[in-house]
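Next come the chains, spelled out residue by residue.
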Amino acid sequence: MSVSAIAGSDLRDFLHGLPGVDRVGAEARAAMLASRSIKTTAKQWAIDMAISMIDLTTLEGQDTPGKVRALCAKAKQPDPADPTAPKVAAVCVYPDLAQVAATELKGSGIHVASVATSFPSGRASMEVKLADVKSAVAAGADEVDMVIDRGAFLAGNYDLVFSEIVEVKQACGPADQGGAHLKVILETGELLTYDNVRRASWLAMLAGADFIKTSTGKVSPAATLPVTMVMLEAVRDYREAHGRQVGVKPAGGIRTSKDAIRYLVLVNETAGEDWLDPAWFRLGASSLLNDLLMQRTKLATGRYSGPDYFTLD
């Protein structure tokens, strides 16, 4: 099914015709992959890869320009004592602070991501949602993280959710003219079932999402390994069916190096090596970076540096 074909087809039939998810099997496979042990050399690579995949995030009501500038400085040089530490993939902020981040990150190669569409609830008119997106892009965001209308999705109003994603994608600007990449947040903790996660993933991709993202980080549970596995299966199958690769971003609750490495194993074993790249897999996090840096220092020196050696985010 293509985007052009959807207007004249029954989107509901397509989404409900997708294979169901075996809940027990999905959770067992995710647990099995999470138990994989990683050797020292592979662990060093995995830690650096995880750092390079982080969307370093601050999404608090008390955010200030000063906090964003400090976050951008850390994004560019995560460990001031070790210039070999890789920089992160992006800094993610609210739209009104996107210009601050864009100024600080100019020329660094680090992306500016902004949440939009009345994050985190998504409860606003379409006019307001599109204004939110256009404001972020005009301020310098080259990635937009939108939230879907979960109420509409759960009520079965798939056409509304689809059309909103299409309109937001258009508001991000033409891809061939440097338009912002679109990450679609499913808020999987509110979708209730793995079948719904699979359906929402496909709906978002068919509507034009460049990335599908688990969570806002404001709802519990946020990212989980089984949910992310279902989404990775979806992007793998979507590429096989349509020839277009879509990224995945788990976000919320990923705090330790062990957590991050488990996600990398999941990516490799589910979608494949093509997704082991910051262009196709991101980790939405605020506190993860410090733990990765501490583990990186321990591998390099044999000594464990406590959190006091790194800045608080």
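Preceding this section is the structure that the text describes.
Rules used throughout
- Residues numbered from 1 in each chain as written.
- Predicted model: local features only at pLDDT ≥ 70, side-chain atom pairs only at ≥ 80, totals over all residues.
- Heavy atoms only, no water.
- Helix = DSSP H or I, 4+ residues; strand = E, 2+ residues; numbered from the N terminus.
- 1 Å grid on protein atoms, 1.4 Å probe; cavity = no way out; pocket = protein on both sides within 12 Å on 5 of 7 lines; lining within 4 Å.
- Points joined across faces, edges and corners; volume = space filled by probe spheres on them.
- Nonpolar A, V, L, I, M, F, W, Y, C, P; charged D, E, K, R; others polar.
- Axes fitted to C-alpha atoms, helices over the stretch in contact; angles between N-to-C directions.
- Left-handed = near helix turned anticlockwise from the far one by under 90°.
- Contact = heavy atoms within 4.5 Å.
- Pairing = 2+ DSSP bridges.
- Buried < 20%, exposed > 50% of the residue type's maximum accessible area, 1.4 Å probe, protein only.
- Right-handed = clockwise from strand over helix to strand, strands pointing away.

Considerations on the environment of Ala139
Phase 1 of the analysis: Relative to the helices and strands, Ala139 is located in the loop between α7 (126-138) and β4 (143-147).
Phase 2 of the analysis: Taking the C-alpha atoms as reference points, Ala139 and Leu192, 53 residues apart in sequence, are found 35 Å from one another.

So, the layout of surface pockets
Phase 1 of the analysis: Of the volumes computed, that of the largest pocket is approximately 450 Å³.
Phase 2 of the analysis: Around the largest pocket sit 23 residues that line it, and Thr57, Gly217, Gly252, Ala285 and Ser286 are the ones nearest its centre.
Phase 3 of the analysis: Split by residue class, the lining of the largest pocket holds seven nonpolar, nine polar and seven charged.

Focus: the packing of helix α11 (residues 225-242) against helix α12 (residues 257-270)
Phase 1 of the analysis: Contact geometry for α11 and α12: axes closest at 10 Å, N-to-C directions at 30°. As α11 packs across α12, the resulting crossing turns out to be right-handed. Across the interface between the two elements, Leu225, Thr228, Met229, Leu232, Glu233 and Arg236 from α11 touch Arg262, Tyr263, Leu266, Val267 and Thr270 from α12.
Phase 2 of the analysis: Split by residue class, the contact of α11 with α12 holds six nonpolar, two polar and three charged.

Here we look at the sheet that holds strand β8 (residues 283-285)
Phase 1 of the analysis: Strands sit in the order β7-β6-β5-β4-β3-β2-β1-β8 across an open sheet of eight strands; the sheet is parallel. Looking at strand neighbours, the two that pair on one side only are β7 (247-249) and β8, the edges of this open sheet. Sheet twist, expressed as the mean angle between neighbouring strand axes with direction ignored, is 25°.
Phase 2 of the analysis: Of the pairings in the sheet, the one linking strand β2 (residues 90-93) to strand β3 (residues 111-116) comprises four bridges and is parallel in character. By the bridge assignment for β3, Ala90 is matched with His111.
Phase 3 of the analysis: This element, helix α6 (residues 98-105), spans β2 and β3 of the sheet and lies at about 175° to β3.

A short note on the pairing of strand β1 (residues 54-57)
Phase 1 of the analysis: On β1, burial covers both faces: Ile54 and Leu56 on one face and Asp55 and Thr57 on the other are all buried.
Phase 2 of the analysis: Note that β1 and β8 share three bridges and pair parallel. Bridging from a neighbouring strand, Leu56 pairs with Ala285 of β8.
Phase 3 of the analysis: Where β1 meets β2, three bridges bridge the pair, whose relative direction is parallel. Looking at the pairing, Asp55 lines up with Ala90 of β2.
Phase 4 of the analysis: Between the parallel elements β1 and β2, the chain passes through helix α5 (residues 65-76) in a crossover that is right-handed.

A look at unusual backbone geometry
Phase 1 of the analysis: Following Phe119, the chain continues into Pro120 via a peptide bond in cis, with omega recorded as 0°.
Phase 2 of the analysis: Residue Pro221 is bonded to the preceding Ser220 through a cis peptide linkage, with omega at 0°.
Phase 3 of the analysis: Looking at where Pro221 falls in the secondary structure, it is placed in the loop between β6 (211-213) and α11.
Phase 4 of the analysis: The phi dihedral of Ser118 is positive, around 60°, even though this residue is not glycine.
Phase 5 of the analysis: Assignment of secondary structure puts Ser118 in the loop between β3 and α7.
Phase 6 of the analysis: Using a relative accessible area of 18% as the deciding quantity, one classes Ser118 as buried.
Phase 7 of the analysis: Positive phi is not limited to glycine here, since Glu187 has a value of about 50°.
Phase 8 of the analysis: Considering the arrangement of structural elements, one finds Glu187 in the loop between β5 (181-185) and α10 (194-206).

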